[in-house]
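Observations on the three-dimensional arrangement
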Amino acid sequence: MNTSIHSAETYPALRMHIDGEWVEAGDRRTFDVVNPATGSVLAALPLVDAADLDRALDAAQRGFKIWRNSSPEERAAVLNGAARLLRERIDVIARNATLEEGKTVAETRIEVLATAGLFEFYAGEAKRIYGRVLVRPDGARSIVMKEPVGPVAAFAPWNFPIANPGRKLGAPIAAGCSVILKPAEEAPASAIAIVEALVESGLPAGVCQLVFGVPNEVSTHLLASPIIRKVSFTGSTVVGKHLMKLAADNALRTTMELGGHAPVIVFDDCDFDKTIQLLTTAKARNAGQVCVAPTRYYIHENIHDRFVSALSERMAALKVGNGLDPDVQMGPMANSRRPEAIEGFLQNAMSRGGRILTGGERIGNEGFFFQPTVLTNVSNDMRIMNEEPFGPVAATQSFREFDQVVEEANRLPFGLAAYAFTENARTANRIGAALESGMVGINAVVLAAPDSPFQGVKQSGHGSEDGPEGVAACLVTKSIHQL
Ligand code: NAD
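Let me begin by describing the structure that accompanies this report. Throughout, a residue's number is its position along its own chain's written sequence, starting from 1. Given that this is a predicted model, residues contribute local features only at a pLDDT of at least 70 and side-chain atom pairs are listed and counted only at 80 or more, while totals for whole chains, interfaces and linings are drawn from all residues. To obtain the side-chain values, all non-hydrogen atoms of the structure were included, while hydrogens and water were left out.

**A word on the site of the ligand**
Any residue with at least one heavy atom within 4 Å of a molecule or strand is counted as near it. The local shell around the ligand holds 24 residues, among which W158, S219, S236, R337 and E388 are the closest. Distance and chemistry together define a polar contact, namely a pair of N or O atoms within 3.5 Å, with one atom able to donate a hydrogen and the other to accept it when in protein, and with adjacent residues in sequence counting only for side-chain atoms on both sides. N216 places a polar side-chain atom, nitrogen or oxygen, 3.1 Å from a nitrogen atom of the ligand. Per the convention used, a helix needs a DSSP run of H or I reaching at least four residues, while a strand needs a run of E reaching at least two, with both numbered from the N terminus. Secondary structure elements with two or more residues in the shell around the ligand: helix 7 (215-223), strand 10 (230-234), helix 8 (237-249) and helix 11 (337-350). Under the scheme applied, nonpolar residues are Ala, Val, Leu, Ile, Met, Phe, Trp, Tyr, Cys and Pro; charged residues are Asp, Glu, Lys and Arg; polar residues are all the others, including Gly. Considering only residue class, the shell around the ligand consists of twelve nonpolar, seven polar and five charged.

See below:
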């Protein structure tokens, strides 16, 4: 293996998986996958046509009939087998994910391990799908059963190229559903590696189809089919709402993991150094392209100036570069749209009195790099305080009163993640209860774990992934009343 950090040598040939067969490009349309660190093309990705989608639907219908009758042990064996293969293949999978998405290899390795851990947890959950029996007079009874919802259409974005497809596949497979997954075309090799691991671990043909295509063509085609019974989507709120409208026509079950705009409340009794360190790391993670990224930093006025100056120093010291370089702490943004979008947010903020304390510029002419940025003097009429920036920018404001900062934190229609930093247990309890958010980190920035549900409220979506709730979201309830 060539170990040059700029080498694309290990990047695999790209293919789809339909009805137990791997599908190459042939005369299909293709999409060029680009390395965001260099701007160079890594490989051509085949895209589905309408006939492929019909084949995928037909296979998913047959696959569902097979898999709904599988034993929990069989499902667990496939998930555990795939987890083992992912762990064995971590070096190659993590490297390819960095090549296609940009984030550091340290981050993509965590994604591989998280996905393996989630599959192992779901293997256990497959065995814990219980019902209940209600006792009636004279020997009659009512039986409450959980059954798999049916074939699932799932759409995963590029920002977690391994973990997102892993979440979309693990839960339906544990529940006994079949699935048609369309991951992001921009980062496809990671999803292919996961499907390879599942197939090699014995997943029967038809249970899992992997397709790539023009996103709106694929979702319109799949959601119009009476075969699909559920849609699961992770991505922007605008696309999620569009898919919910399509889902309404066939009354589909939905799980929506949509955009966020996480408030961060830093009280003056926080552990100052630890808070700076955690918030720098969390902001740099995947160059800020994380749905739970800390975004609006509300700092208590007693420590505001000292805090933003320390944060700026830490952010400026981050080493930004090619994610394959082990010393790099923040990779490029994932595609050419992202630095352009961040420039737009910053220009808008500056025209309204915003002040950049560090960063604010693209880096170099190759790839899609952007400087870690701290913006202060922000006001609520700026776009960055209302729309998800999805980039390495921390926007800071000061606050004085608890009630005032809670109102600010809850001001937006989003509610995915929120953070608070305080060493006072009473303040921690009060703020945890007051924030309108599906997840809250208190003195903590890691919100995901295999056994813990991950979800938003308000326009950040509904339904959970991970935890027992992730499998429950792929089950329907049936009551049988038996005299
Ligand atoms: P986008 O909304 O166009 O795409 C996000 C994902 O949705 C992509 O993987 C895309 O393939 C898919 N998608 C888009 N239209 C679709 C359709 N009609 N049917 C099915 N799938 C569809 O946005 P983008 O340019 O990739 O990113 C823009 C914004 O989206 C970001 O700024 C961020 O706010 C948000 N986003 C959020 C997440 C998240 O994890 N919540 C992930 C990626 C992007």
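After presenting the structure, the write-up continues.
**With respect to the packing of aromatic side chains**
When we look at a pair of aromatic rings, we describe it by the centre distance and by the angle of the planes. In this scheme Phe, Tyr and Trp rings, the latter by its six-membered ring, pair at centre separations within 6.5 Å, and the angle between planes marks the pair as stacked below 30 degrees, edge-to-face above 60, and tilted otherwise. Scanning the model with the defined rule gives five aromatic pairs in all. Ring centres of W158 and F390 lie 5.7 Å apart, and the angle between their planes is 80 degrees; on these two criteria the pair is classed as edge-to-face. On the criterion of sequence distance, the pair formed by W158 in the loop between strand 7 (152-155) and helix 5 (163-175) and F390 in the loop between strand 17 (373-376) and strand 18 (393-399) is long-range, its members being 232 residues apart. Taking the relative accessible area as the measure of exposure, W158 reaches 13% and is therefore buried. For F390, a relative accessible area of 13% translates into the label buried. Centre to centre, the rings of F267 and F399 are 5.7 Å apart; their planes meet at 90 degrees, and the pair counts as edge-to-face. Buried, partly exposed and exposed residues are distinguished by accessible area as a fraction of the type maximum, computed with a 1.4 Å probe on protein chains only: under 20%, between the cut-offs, and over 50%, respectively.

**As for the sheet that holds strand 18**
Pairing is mixed in the open sheet, where seven strands are placed in the order 14-17-18-13-12-20-21. In this open sheet, the two strands that pair with only one neighbour each are strand 14 (355-358) and strand 21 (439-442). The sheet shows a mean angle of 25 degrees between the axes of neighbouring strands, taken without regard to direction. Paired strands are those between which DSSP finds at least two bridges. Note that strand 13 (residues 294-300) and strand 18 share five bridges and pair parallel. For I299, the partnering residue across the bridge sits in strand 18 and is S398. Two residues form a contact once any of their heavy atoms are found within 4.5 Å. All axes here are fitted lines through C-alpha atoms, helices being fitted over the stretch that makes contact, and every angle between N-to-C directions spans 0 to 180 degrees. Here helix 9 (residues 272-284) sits on the sheet and contacts strand 12 (262-266), strand 13, strand 18 and strand 20 (417-421); the angle it forms with strand 13, its principal contact strand, is near 160 degrees. Contacts between helix 11 and the sheet are confined to strand 14, strand 17 and strand 18, with strand 17 contributing the most and set at about 25 degrees to the helix.

**Remarks on the side chain of T358**
Within the fold, T358 resides in strand 14. When its relative accessible area of 14% is taken as the criterion, T358 is described as buried. In this view, T358 contacts S312, M315, A316, P372, T373 and V374; residues no more than four positions away in its chain are not counted.

**So, the pattern of salt bridges**
Salt bridges, as used here, are contacts in which a Lys or Arg side-chain nitrogen is within 4 Å of a carboxyl oxygen on Asp or Glu. Scanning all chains against the criterion turns up 24 salt bridges. Here K168 makes a salt bridge to E465, at a shortest N to O gap of 2.9 Å. With K168 in helix 5 and E465 in the loop between strand 23 (461-462) and helix 14 (467-472), this residue pair connects regions lying 297 residues apart in the sequence. Take K168 and E465: they sit in the same class, and that class is buried. Sharing partners across several salt bridges, the network here consists of D19, D58 and R62.

**Considering the packing of helix 3 (residues 90-101) against helix 4 (residues 105-126)**
Direction vectors running N to C along helix 3 and helix 4 enclose 125 degrees, while the axes themselves pass 8 Å from each other. In terms of orientation, helix 3 lies oblique with respect to helix 4. Crossing of helix 3 over helix 4 shows right-handed handedness. Residues I90, D91, I93, A94, A97 and T98 of helix 3 lie in contact with helix 4, whose contacting residues are V105, T108, R109, V112 and L113. Partitioned by chemical class, the residues of the contact of helix 3 with helix 4 number seven nonpolar, two polar and two charged. When describing relative orientation, an angle under 35 degrees is termed roughly parallel and one over 145 degrees roughly antiparallel, while 65 to 115 degrees is termed roughly perpendicular and anything else oblique. Crossings are assigned a handedness: left-handed for a near helix turned anticlockwise from the far helix by less than a right angle, right-handed for a clockwise turn.

**Examining the state of the cysteines**
Each disulfide consists of a covalent bond between the sulfur atoms of two cysteine residues. Any cysteine sulfur atom paired with another within 2.5 Å is treated as part of a disulfide. According to the stated counting rule, one finds zero disulfides in the structure shown. Unpaired in terms of disulfides, C291 finds its nearest cysteine sulfur in C474, a separation of 18 Å. Overall, the relative accessible area of 17% leaves C291 in the buried class. Cysteine C474 shares no disulfide, and the gap to the nearest cysteine sulfur, in C177, comes to 5.0 Å. Residue C474 is classed as buried on the basis of its relative accessible area of 3%.

**Section: the pairing of strand 17**
Side-chain alternation along strand 17 places T373 and L375 on one buried face and V374 and T376 on a second face that is also buried. For strand 14 and strand 17, the ladder comprises three bridges, and the chain directions are antiparallel. Each bridged residue has a counterpart across the sheet, and for I356 the counterpart in strand 17 is L375. Where strand 17 and strand 18 come together, three bridges link them in parallel fashion. Across the sheet, residue L375 finds its bridge partner in strand 18, namely A395.

**Description of the packing of helix 2 (residues 72-88) against helix 6 (residues 189-200)**
Running from amino to carboxyl end, helix 2 crosses helix 6 at an angle of 130 degrees, the nearest separation of the two axes being 8 Å. The angle between helix 2 and helix 6 falls in the class oblique. For the pair helix 2 and helix 6, the sense of crossing is right-handed. Here V78, L79, A82, L85 and L86 of helix 2 come into contact with helix 6, specifically with A193, I194, A197, L198 and E200. Residue classes in the contact of helix 2 with helix 6 are distributed as nine nonpolar, no polar and one charged.

**So, the sheet that holds strand 5 (residues 132-135)**
The strand order 5-6-24 describes an open sheet built from three strands, whose pairing is antiparallel. Either end of the sheet is taken by a strand with one partner, and the two such strands are strand 5 and strand 24 (475-482). The sheet shows a mean angle of 20 degrees between the axes of neighbouring strands, direction not considered. Here four bridges tie strand 5 to strand 6 (residues 141-148), and the two strands are oriented antiparallel to one another. For L134, the partnering residue across the bridge sits in strand 6 and is S142.

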